[in-house]
Amino acid sequence: MTDATARDPGLQPERTALAWSRTSFAVAVNALLVLREGLISDKTWLVAASVVLLAGAAAILGVGWQRRRSLAAAGTPLPLPLPMAWTVLGATLLACAAATWSMLASSPW
């Protein structure tokens, strides 16, 4: 029987670190699409939402970079610092709120 606290010796830490980068890229692309729509339709709130999304993408990229760096140095990633976790959570919630607001504001009803 294996110990429940044993770490996965496989590639899971590397996959997780790369997932942070892929997520930040996806958020950044969506932010650029929102920015484009805001500039075309002359809606300042969409431009503001895109700035928030770009800041969230930068925060997510920073987390991924830090986790890859700690993985290279220690062999296993260090736990995510609490302030950084709150920053990423806040950016995610703001992105979801901006997306919801955008969809509701552009709906015909």
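Description of the structure in this document. Remember, it's a predicted structure, so these values are computed and weren't measured experimentally. Every chain is numbered on its own, with residues counted from 1 as its sequence reads. The predicted nature of this model means local features are confined to residues of pLDDT at least 70 and side-chain atom pairs, given and counted, to a pLDDT of 80 or more, with totals for whole chains, interfaces and linings taken over all residues. Heavy atoms throughout the structure, all of them, feed into the side-chain values; hydrogens and water do not.

This part is about the layout of surface pockets. Considered as a void within the structure, the largest pocket measures approximately 270 Å³ in volume. A run of H or I in DSSP counts as a helix once it spans at least four residues, and a run of E counts as a strand once it spans at least two, with each numbered from the N terminus. Those elements that provide at least two residues to the lining of the largest pocket are helix H1 (12–40), helix H2 (44–74) and helix H3 (82–106). For the lining of the largest pocket, the class distribution of residues is 14 nonpolar, 5 polar and no charged. The distinction between a cavity and a pocket rests on a 1 Å grid over the protein atoms alone: a 1.4 Å probe fits inside a cavity but cannot get out, while a pocket stays open yet meets protein on both sides within 12 Å along at least five of seven lines, and a residue with an atom within 4 Å of a point counts as lining. Grid points are joined across faces, edges and corners, and a volume is the space filled by probe spheres set on the points. In this count, Pro and Cys sit with the nonpolar residues alongside Ala, Val, Leu, Ile, Met, Phe, Trp and Tyr, while Asp, Glu, Lys and Arg are called charged and the others, Gly among them, polar.

A word on the environment of Ala91. Summarising the element assignment, Ala91 is placed in helix H3. A sequence separation of 35 residues divides Ala91 from Gly56, and the C-alpha atoms of the two residues are 4.7 Å apart.

To estimate the expected span of a helix, subtract one from its residue number and multiply by 1.5 Å. The end-to-end C-alpha separation of H3 is 36 Å, in line with the 36 Å expected for 25 residues at 1.5 Å each. Buried within H3 are the following residues: Val88, Ala91, Ala95 and Ala98. By the convention used here, residues are in contact when the closest approach between their heavy atoms is within 4.5 Å. Among the structural elements, H1 and H2 are those in contact with the buried residues of H3. Accessible area is worked out with a 1.4 Å probe on protein chains only. A residue is then buried under 20% of its type maximum, exposed over 50%, and partly exposed in between.

Here we take up the environment of Leu71. Along the chain, Leu71 turns up in helix H2. With 57 residues separating them along the chain, Leu71 and Glu14 place their C-alpha atoms 7.8 Å apart.

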